[in-house]
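Chains, contacts and geometry: an overview
Residue-level listing of the chains:
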Amino acid sequence: PPSPAVRNFTLNFTITNLQFTADLAMPNSKKFKSTEKVMYYYTDSLLQKSSIGPYFTGCKVTRFRSGRDRDDTGVDAVCSYKNNVSLARFDREKVYHELSTMTNGVTKLGHYSLEKNSLYVNG
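Here's what I pulled together on the structure shown here. (Residues numbered from 1 in each chain as written. Predicted model: local features only at pLDDT ≥ 70, side-chain atom pairs only at ≥ 80, totals over all residues. Heavy atoms only, no water.)

Let's talk about the side chain of Glu98
- Topologically, Glu98 is positioned in helix 2 (residues 92-102).
- This buried residue, Glu98, is left without a salt bridge; Lys94 holds the nearest opposite charge, at 4.7 Å.
- Side-chain polar atoms of Glu98 contact the backbone nitrogen of Ser51, separated by 3.0 Å.
- Once you skip the residues sitting within four places of it in the chain, Glu98 turns out to touch Ser50 and Ser51. (Helix = DSSP H or I, 4+ residues; strand = E, 2+ residues; numbered from the N terminus. Buried < 20%, exposed > 50% of the residue type's maximum accessible area, 1.4 Å probe, protein only. Lys, Arg positive; Asp, Glu negative; His and termini not counted. Salt bridge = Lys/Arg side-chain N within 4 Å of Asp/Glu carboxyl O. Polar contact = N/O pair within 3.5 Å; in protein donor to acceptor, adjacent residues only side chain to side chain. Contact = heavy atoms within 4.5 Å.)

Okay, here's the thing in C-alpha cells:
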C-alpha cells in the first residue's frame, strides 16, 4: 500500500506574558531557538494527546510576531500529520476544541498565558 501522505495544518496563538523582542524575529538567534524549543514541548505534548495524536508528526515554529501589547507575542507554527486511512479526515474544529479544553479555554499553555481569542487551527 502507498505510504501515508504527510499533511500540514497551521496553528496560531498569542502569548500574553512573553515580551516580544527583536531577537525573537530572527530564526537563528539564541532567544528564538530556546523559545521555539519550549513551544515544541508544549504544543507537541498537547497534540499527541488529541484525536490526531497517533498520526501527529510534529510542529515547526515559522515565526514569532509582536502582539498588540508589549508583553504579547504571536506564535505561528506549521504542524504535520500522516494522512492515514484510519484518520477519516482532519477535523480542524475537533482539534481546535481539544486544544481549547487542554489549555483551559485558551488561557494557559504551560507557564504561559494565552490570549483567549487567539487560537486558530487551519488545515
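Focus: the state of the cysteines
- Taken as a whole and assessed by the stated rule, the structure comprises 1 disulfide.
- Paired through a disulfide, Cys59 and Cys79 show a sulfur-sulfur distance of 2.1 Å. Because the torsion about its S-S bond is 100 degrees, the bridge between Cys59 and Cys79 counts as right-handed. In this pair, Cys59 is assigned in strand 2 (residues 56-66) and Cys79 in strand 3 (residues 73-83), connecting sequence segments 20 residues apart. (Disulfide = S-S within 2.5 Å.)

Details of the nonpolar core
- Within the largest apolar cluster, 30 residues are counted, with the highest numbers of intra-cluster contacts made by Leu11, Phe13, Met39 and Leu47.
- Going through the elements one at a time, strand 1 (5-15), helix 1 (30-48), strand 2, strand 3 and helix 2 are the ones with two or more residues in this core.
- With sequence-adjacent residues up to four places away left out, Met39 is seen in contact with Phe13, Ile15, Leu18, Asp44, Val61, Phe64, Val75, Leu109 and Tyr112. (Core = buried A, V, L, I, M, F, W, Y, C linked by side-chain atoms within 4.5 Å.)

A few points about the pattern of salt bridges
- Counted by the stated rule, this structure contains 3 salt bridges.
- The shortest N-O distance in the salt bridge between Arg68 and Glu115 comes to 3.2 Å. Taken together, the residues Arg68 in the loop between strand 2 and strand 3 and Glu115 in the loop between strand 5 (112-113) and strand 6 (120-122) connect sequence positions 47 residues apart.
- Judged by relative accessible area, which is 71%, Arg68 ranks as exposed.

Let's talk about the packing of aromatic side chains
- Going through the model one piece at a time under the given rule, you end up with 6 aromatic pairs.
- Through a chain of ring-to-ring contacts, the aromatic side chains of Phe9, Tyr81 and Phe90 assemble into a single cluster. (Phe/Tyr/Trp six-rings, centres within 6.5 Å; stacked < 30°, edge-to-face > 60°.)

Thoughts on the sheet that holds strand 1
- One open sheet accounts for 4 strands, arranged 2-3-1-6; its pairing is antiparallel. In this open sheet, the two strands that pair with only one neighbour each are strand 2 and strand 6. Adjacent strand axes in the sheet meet at a mean angle of 20 degrees, parallel and antiparallel pairs treated alike.
- Pairing analysis gives 3 bridges linking strand 1 to strand 6, with the strands arranged antiparallel. Paired with Asn12 across the strands is Tyr120, a residue of strand 6.
- On top of the sheet, helix 1 reaches strand 1, strand 2 and strand 3; it is set at about 135 degrees to strand 2, its chief contact. (Pairing = 2+ DSSP bridges. Axes fitted to C-alpha atoms, helices over the stretch in contact; angles between N-to-C directions.)

A short note on helix 2
- Three or more residues of helix 2 are buried, namely Val95, Glu98, Leu99 and Ser100.
- Residues of helix 2 that are buried sit in contact with strand 1, helix 1 and strand 6.
- Sitting at the head of helix 2, Asp91 places a side-chain oxygen 3.2 Å from the backbone nitrogen of Glu93.
- Of the residues trailing helix 2, Asn104 is marked for its positive phi of about 55 degrees.

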